[in-house]
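Single-letter residue listing:
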Amino acid sequence: ESFWGGPFKDEFDDRLSHDKRGMLSMANSGPHTNKSQFFITYKACPHLDRKHTIFGRLVGGFGTLDKIESVKTDKKDRPKSEITLLKAIVIQNPISE
């Protein structure tokens, strides 16, 4: 469930692209179905542009991303063991006005 209680609309910004490792985006099951799940890209994934809302990017912690990437996944590409992020720090707005 999202902070807003239900799914919320996509918020695409053409200044942002899944063009590198470490982009943070909302996971969804189709247009305007964002809830509370997100993903971090392991490489450039431009085919995800305008399908998943980008809301940030990593500026550090790439060693942690390496560890997350090494977790074995099932046939649906889901982690076989739970991954829990204990702390995140917002350093700056990814879209400077």
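Above this text you will find the structure in question.
Note on numbering: residues in each chain are counted from 1, in written sequence order. Local features in this predicted model are restricted to residues of pLDDT 70 or higher, and side-chain atom pairs are both shown and tallied only at a pLDDT of 80 or more, whereas totals for entire chains, interfaces and linings draw on every residue. Only hydrogens and water are set aside when side-chain values are computed; all heavy atoms of the structure are taken into account.

### Here's the deal with the side chain of histidine 18
Note the following rule: In this text, helices come from DSSP runs of H or I with a minimum length of four residues, and strands from runs of E with a minimum of two, each type numbered from the N-terminal end. The cut-offs for exposure are 20% and 50% of the maximum accessible area for each residue type, with area from a 1.4 Å probe on protein chains only; residues under the lower value are buried, those over the upper are exposed, and the others partly exposed. Here a polar contact means two N or O atoms within 3.5 Å. Within protein one must be a hydrogen donor candidate and the other an acceptor candidate, and residues neighboring in sequence count only if both atoms are side-chain atoms. Should any heavy atoms of two residues lie within 4.5 Å, those residues are counted as being in contact.
Mapped onto the secondary structure, histidine 18 falls in the segment before strand 1 (23–26). With relative accessibility at 0%, the residue histidine 18 sits in the buried group. Within the structure, histidine 18 has its side chain in polar contact with the side chain of aspartate 49 (distance 2.8 Å). Those residues in contact with histidine 18 that sit more than four places away from it in its chain are Met23, Ser25, Phe39, Thr41, Ala44, Cys45, Pro46, Leu48, Asp49, His52 and Ile54.

### Quick look at a nonpolar patch on the surface
Rule in force here: Note on patches: the residues involved have over 30% relative accessible area and no salt bridge, like charges join within 9 Å, and the nonpolar side chains Val, Leu, Ile, Met, Phe, Trp and Tyr join within 5 Å. Computed with the Shrake-Rupley method and a 1.4 Å probe, the accessible areas treat only the protein chains shown as cover for residues. For salt bridges, the criterion is a side-chain nitrogen of Lys or Arg within 4 Å of an Asp or Glu carboxyl oxygen.
Side chains of Phe38, Phe55, Ile83 and Leu85 sit close together on the surface and give an oily, nonpolar patch of about 340 Å² of accessible area. Examined against the element boundaries, phenylalanine 38 turns out to sit in strand 2 (residues 38–40). Residue phenylalanine 38 is classed as partly exposed on the basis of its relative accessible area of 38%.

### Looking at the packing of aromatic side chains
Worth spelling out the cut-off: Here a Phe, Tyr or Trp ring, Trp counted by its six-membered ring, pairs with any other such ring whose centre lies within 6.5 Å, and the pair is stacked when the planes are under 30 degrees apart, edge-to-face when over 60, and tilted otherwise.
The full count for this structure, using the stated rule, is one aromatic pair. Taking 5.9 Å as the distance between ring centres and 85 degrees as the angle between the ring planes, the aromatic pair formed by phenylalanine 38 and phenylalanine 55 counts as edge-to-face. Linking phenylalanine 38 in strand 2 with phenylalanine 55 in strand 3 (residues 54–57), this pair joins segments that are 17 residues apart in sequence.

### Digging into the environment of glycine 60
Inspection of the secondary structure assignment puts glycine 60 in the loop between strand 3 and helix 1 (62–69). Note on glycine 60: relative accessible area 38%, which makes it partly exposed. As for glycine 60 and isoleucine 89, which are separated by 29 residues in sequence, their C-alpha atoms are 10.0 Å apart.

### Describing the pattern of salt bridges
A complete count under the given rule lists five salt bridges for this structure. Its salt-bridge partner being aspartate 13, residue arginine 15 comes within 2.7 Å of it at the nearest N-O pair. Take arginine 15: its relative accessible area is 54%, and that puts it in the exposed class. In this structure, the salt-bridge partner of aspartate 66 is arginine 21, at a minimum N-O distance of 2.5 Å.

### Overview of the environment of glutamate 82
Looking at the secondary structure, you find glutamate 82 in the segment after helix 1. The exposure class of glutamate 82 is exposed, given its relative accessible area of 73%. Along the primary structure glutamate 82 and proline 7 are separated by 75 residues, whereas in three dimensions their C-alpha atoms are 24 Å apart. A polar atom in the side chain of glutamate 82 sits 3.1 Å from the side chain of threonine 84.

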